[in-house]
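# Fold and geometry: a report
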Amino acid sequence: MNRISNIRAQAMFMSPAVLIAAAIVLPPLLYVFYTSVNGSALSLAAYGEVLTSRLFRETLTTTLLIASLSSLLSLVLGFIVALHLARQPARRRTILMVLVLLPFWTSVLVKCFAFTIILGREGIINSVLSWIFDTKIQLPLVLNLVGLLVGMTNLLIPLVVLPVLASLLAIDGAIYRAASIMGAKPARIFWTVTVPMSLPGVFAGLLSIFVMSLGAFVIPALLGGPKTQMLSNLVDFYNRQVLDWHKASAISVMLFGMVFVFAAPLALWRWRKV
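A short tour of the structure in this document, coming up. (Residues numbered from 1 in each chain as written. Predicted model: local features only at pLDDT ≥ 70, side-chain atom pairs only at ≥ 80, totals over all residues. Heavy atoms only, no water.)

## Observations concerning the overall build of the protein
Helices and strands together make up the secondary structure of the protein, namely 13 helices and zero strands. In the protein, the succession of helices and strands from N to C terminus is α-α-α-α-α-α-α-α-α-α-α-α-α. Its C-alpha atoms give the protein principal-axis dimensions of roughly 70 × 70 × 30 Å. Expressed as a percentage of its 274 residues, the buried residues of the protein come to 35%. (Helix = DSSP H or I, 4+ residues; strand = E, 2+ residues; numbered from the N terminus. Buried < 20%, exposed > 50% of the residue type's maximum accessible area, 1.4 Å probe, protein only.)

The structure is reproduced here in structure tokens:
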């Protein structure tokens, strides 16, 4: 009974935001779906052409690979940052949080152009390495997978730090003291106390960054190469160059379906935890 009351209270609290979001998102989404099936007649021909296209299959594989790699890398780095912040005094943590959020407040476009200057063949990193080793060094750090992952992790890490930090700060310090008194070493305390109790924040952060990775557009377009283009770039290709709005809409609908497939299990898991 208490669980049902909690669900009702949360539903009432969230209903205004859900209704507003639905009013904003659903009309264009329904129009995109209508465009994907509205050719010379209502049919799923665009979906069939897309699914049998080699270009789509390769781009889908690339999208899933890049989203997985960038999410895993961002999760590891973000967890380390959040763990460090959780161990700081409140005043110092506030200052450090500003530094964490600073990249998040900067335009993605500006950051991408900054990374081209830093990672380019004549950029800062290659220039410093050339000066250190006294020879011409031109490492390919941009317009490939390396540059794309650098740009993606820079964007995604703050989205991991915030929920993980909230979970870490919610852990009662008495639990750490009890584990220490019982003879647990720091490594054992980390794996048996810190990691399990931070899982809600980890799952929330992982869902956020993976969904954002799936729909990334600007970073793959500016920092990725021809072999690292993602589904959003393929939508742009069909929209602006091929002028095939039906296929572009079909890919958009499938991309939305992928996001739903990955988000639904976590939402169900969180609902069962209520």
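Now that the structure has been shown, we can carry on.
## Considering the pattern of salt bridges
Counted under the stated rule, the structure contains four salt bridges. Note that Lys247 and Glu49 form a salt bridge whose closest N and O atoms lie 3.5 Å from each other. Of this pair, Lys247 sits in helix H13 (residues 245-273) while Glu49 sits in helix H2 (residues 45-51), and the two are 198 residues apart along the sequence. Exposure remark for Lys247: the relative accessible area of 18% places this residue in the buried category. Across the pair Glu122 and Lys136 runs a salt bridge whose closest N-O atoms are separated by 3.1 Å. Of the two residues, Glu122 sits in the loop between helix H5 (108-119) and helix H6 (124-133) while Lys136 sits in the loop between H6 and helix H7 (145-169), which places them 14 residues apart along the sequence. Residue Glu122 is classed as exposed on the basis of its relative accessible area, which comes to 54%. (Salt bridge = Lys/Arg side-chain N within 4 Å of Asp/Glu carboxyl O.)

## Comments concerning helix H4 (residues 90-105)
Taking 1.5 Å per residue as the helical rise, H4 with its 16 residues ought to reach 22 Å, and the 22 Å between its terminal C-alpha atoms agrees with that figure. Along H4, the positions that sit buried rather than exposed are Arg93, Met97, Val100 and Leu101. Where the residues of H4 are buried, they touch helix H3 (54-86) and H7. (Expected span 1.5 Å × (residues − 1). Contact = heavy atoms within 4.5 Å.)

## Regarding the packing of H3 against H7
Contact geometry of H3 with H7 gives a least axis separation of 6 Å together with a crossing angle of 45°. As the angle between them shows, H3 and H7 are arranged oblique. Crossing hand, H3 versus H7: right-handed. Here the residues of the contact of H3 with H7 are counted per class, giving 23 nonpolar, four polar and no charged. (Axes fitted to C-alpha atoms, helices over the stretch in contact; angles between N-to-C directions. Parallel < 35°, antiparallel > 145°, perpendicular 65-115°, else oblique. Left-handed = near helix turned anticlockwise from the far one by under 90°. Nonpolar A, V, L, I, M, F, W, Y, C, P; charged D, E, K, R; others polar.)

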